[in-house]
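So the chains spell out like this:
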Amino acid sequence: MPDKIRSDFNYSIAFMKAVFSFCVICAHYYISQDPGFYPSAALSRMAGAAAPVFFIISIFLTFNKLKEKDPSLLGKRVWRLYYPQFVWGILYFIVYTIIGMILNKIRINNDFYILFTKKDLMWQVLTGSDRYLCPQFWFQFDLIVFTVLFWLIIRATEKHALKILMILGVMALILQYSGLNYRMFCRLEYELWYPIGRLMEILPFCVAGAVLTSWNLLRIIRAYRIRSLIISLCTLIFAILCPFIPELRYGFDYGGIRLILYSVSVFTLVLSIPFDKMNEPLKKCLRFLSKYSFGVFCIHMGIGRIWECIICKVTGWSTGTVAECLLIYLISLIAAWLISLIPTRSSRSLVT
């Protein structure tokens, strides 16, 4: 990697991408056997914050780019987000169909082939969240929505855009705590339940990313690293332990003030840690893991389903363990790396 890229590379964000890509897998496949056991509880809490942290990272890194007036740049960004959702939906449909046909041929009971139809493929490419294919792409759908929304607000009034976004973030919290957001969308189909229902729950995290980058958080942290560490750590402990933070009665998994405080404090805490002081082998490892974190996100649902629905079913091995999540992570990481070796830009865009 050229020196210029190395000097601009943010190892704190790379660390978050690597760690929380594993936490995404835990969110889908880890089952806590003892919620009272602190390591288990901590892992479950981090798994629940994985998507929020990734939304904060995404907007933190792209918000200033949305100030560009050229609509073609917005179009490129939206296509960059939608392209993996579209292609992976088709790939999951084809691969699951082939696996189901093979298993049926050798007379192994399975649900790969018989449960989904072309209608499911339509839902997948439209909303990123078909229950039988790869529903994790609701993340892409919501990120596209907020990318376009933020760009439109900036175009309408760049001077007051941040204030408007903060007001929208507060309104989103009101909709959450009033129960109105849940009542509006709880009766929708699964394929709309998460991508649409979570919009108001995800909006505050995206606003937080915009606010933090607009306040030049990186410059503040570099100037006051120790203070940033202490404040972030205190806020994190407050978010975990404070009994007075109001909880949501109903929601779509990502609502409430507690999760906002937790996710933002984790983000600022990790940014305050000087990962750039690590030795070169560790930096190289971190660059590799972060580079393919998106590929892990895209692939892990398929790997996990094959593991649980075929291998564990045949062997009787237990599921829902940390070891299983680690195995899914490693296989997904290797698969993402192998796909990146295909010498086309379109292939690399699916995993990086």
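Definitions and cut-offs
- Residues numbered from 1 in each chain as written.
- Predicted model: local features only at pLDDT ≥ 70, side-chain atom pairs only at ≥ 80, totals over all residues.
- Heavy atoms only, no water.
- 1 Å grid on protein atoms, 1.4 Å probe; cavity = no way out; pocket = protein on both sides within 12 Å on 5 of 7 lines; lining within 4 Å.
- Points joined across faces, edges and corners; volume = space filled by probe spheres on them.
- Helix = DSSP H or I, 4+ residues; strand = E, 2+ residues; numbered from the N terminus.
- Polar contact = N/O pair within 3.5 Å; in protein donor to acceptor, adjacent residues only side chain to side chain.
- Contact = heavy atoms within 4.5 Å.
- Phe/Tyr/Trp six-rings, centres within 6.5 Å; stacked < 30°, edge-to-face > 60°.
- Buried < 20%, exposed > 50% of the residue type's maximum accessible area, 1.4 Å probe, protein only.

Q: I tried to follow the layout of surface pockets on my own but got confused; where do I start?
A: Empty pockets left among the atoms are what a rolling probe the size of a water molecule brings to light. Space inside the second largest pocket adds up to approximately 590 Å³. If you trace the second largest pocket, you find 24 residues lining it, with Ala208, Val211, Leu212, Trp215 and Val264 closest to the centre. Mapped by element, the contributors of at least two residues to the lining of the second largest pocket are α7 (161-178), α10 (199-214), α11 (217-223), α12 (225-241) and α13 (257-272).

Q: How do you make sense of the side chain of Ser12 when you look at a structure like this?
A: Inspection of the secondary structure assignment puts Ser12 in helix α2 (residues 11-29). A polar contact is formed between the side chain of Ser12 and the backbone oxygen of Ile273, at a distance of 3.2 Å. Those residues in contact with Ser12, other than ones at most four positions away along the chain, are Val270, Leu271, Ile273 and Phe275.

Q: Before we go on, may I ask you to explain the packing of aromatic side chains in this structure?
A: How two aromatic rings sit relative to each other is given by the distance of their centres and the angle of their planes. Under the defined criterion, the tally for this structure stands at 26 aromatic pairs. For the ring pair Phe60 and Phe267, a centre distance of 5.1 Å and an interplane angle of 70° mean the geometry is edge-to-face. Placement of the pair is Phe60 in helix α3 (residues 38-62) and Phe267 in helix α13, with a sequence separation of 207 residues. Taken individually, Phe60 and Phe267 each receive the classification buried, so the pair is uniform in this respect. Seen in terms of ring centroids, Trp193 and Tyr194 are 6.2 Å apart; in terms of plane orientation they differ by 80°. Their pairing is edge-to-face.

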